[in-house]
Amino acid sequence: MTSNLDPDARTSYRLITVAARMVQRRQDDALAHLGLTRAAVIALEGLAGGPLNQERLAEAIRVQSQTLGRVLIRLESAGHITRTRQSADRRQFKVELTESGQAVLEAARRAEINAYPDDPNISWKVLREELTKFVNALPGDRDQSVLPFAAPEHRTVRRPQGGRASNLRGADQPRQ
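Residues numbered from 1 in each chain as written. Predicted model: local features only at pLDDT ≥ 70, side-chain atom pairs only at ≥ 80, totals over all residues. Heavy atoms only, no water.

## Quick word on the environment of arginine 83
With respect to the element layout, arginine 83 can be found in strand E2 (residues 81-85). Apart from the residues lying within four places of it in its own chain, the contact partners of arginine 83 are Gln54, Gly69, Leu72, Ile73, Glu76, Phe93, Lys94 and Val95. Within the structure, arginine 83 has its side chain in polar contact with the side chain of glutamate 76 (distance 3.2 Å). (Helix = DSSP H or I, 4+ residues; strand = E, 2+ residues; numbered from the N terminus. Contact = heavy atoms within 4.5 Å. Polar contact = N/O pair within 3.5 Å; in protein donor to acceptor, adjacent residues only side chain to side chain.)

Here it is as structure tokens:
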């Protein structure tokens, strides 16, 4: 970042953080009746494309495996996921949605939709494109082709080198 940051950029940064906090509060309120948190829904979304081991799931949703482990314990206790030790590596767990998990994920998606403003004057596509540019402009050691928490319509399974599947792609890629 430069020390001569454009005043519009500074104001935009502040608006992004305010908007994020407001959306998070609305999501929390919308999910409370389901007994879910935003973190739990993100984990469930990460599993919507099929089972993953805990490390790959953590990587896909951009959290530390230890943090994810606590969320998975709660989801497993509620019957929304199963965790099965891998036979090849007993330290690894295969994590997958149960029928209950799929149902609560669908309910969470509906609840979250109702938490967002329904204003026809908001150009959601333009907002998504601009926020994608913003996120990609931030420094970091992440894979630039993956946008965290992409909407379900932007999910795909692809096979990078080594044959492991990734379940997200950048939200700036068109839906197929």
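## Brief notes about the nonpolar core
One recurring pattern in soluble globular proteins is that nonpolar side chains are buried together. Within the largest apolar cluster, 22 residues are counted, with the highest numbers of intra-cluster contacts made by Leu36, Leu44, Leu57, Leu72, Leu75 and Ile81. Secondary-structure elements contributing two or more residues to this core are helix H2 (38-47), helix H3 (54-61), helix H4 (65-77), strand E3 (93-97) and helix H5 (99-115). With five residues, H2 is the largest single contributor of residues to this core. With near-sequence residues (within four places) excluded, leucine 57 lies in contact with Ala43, Gly46, Leu47, Leu52, Leu68, Leu72 and Val95. (Core = buried A, V, L, I, M, F, W, Y, C linked by side-chain atoms within 4.5 Å. Buried < 20%, exposed > 50% of the residue type's maximum accessible area, 1.4 Å probe, protein only.)

## Points about the environment of serine 65
Along the polypeptide, serine 65 turns up in helix H4. Here serine 65 falls in the buried class, since its relative accessible area comes to 16%. Not counting the four nearest positions on each side in its chain, serine 65 is found in contact with Gln54, Glu55 and Ala58. Here glutamate 55 takes part through its side chain, which lies 2.9 Å from a polar atom of the side chain of serine 65.

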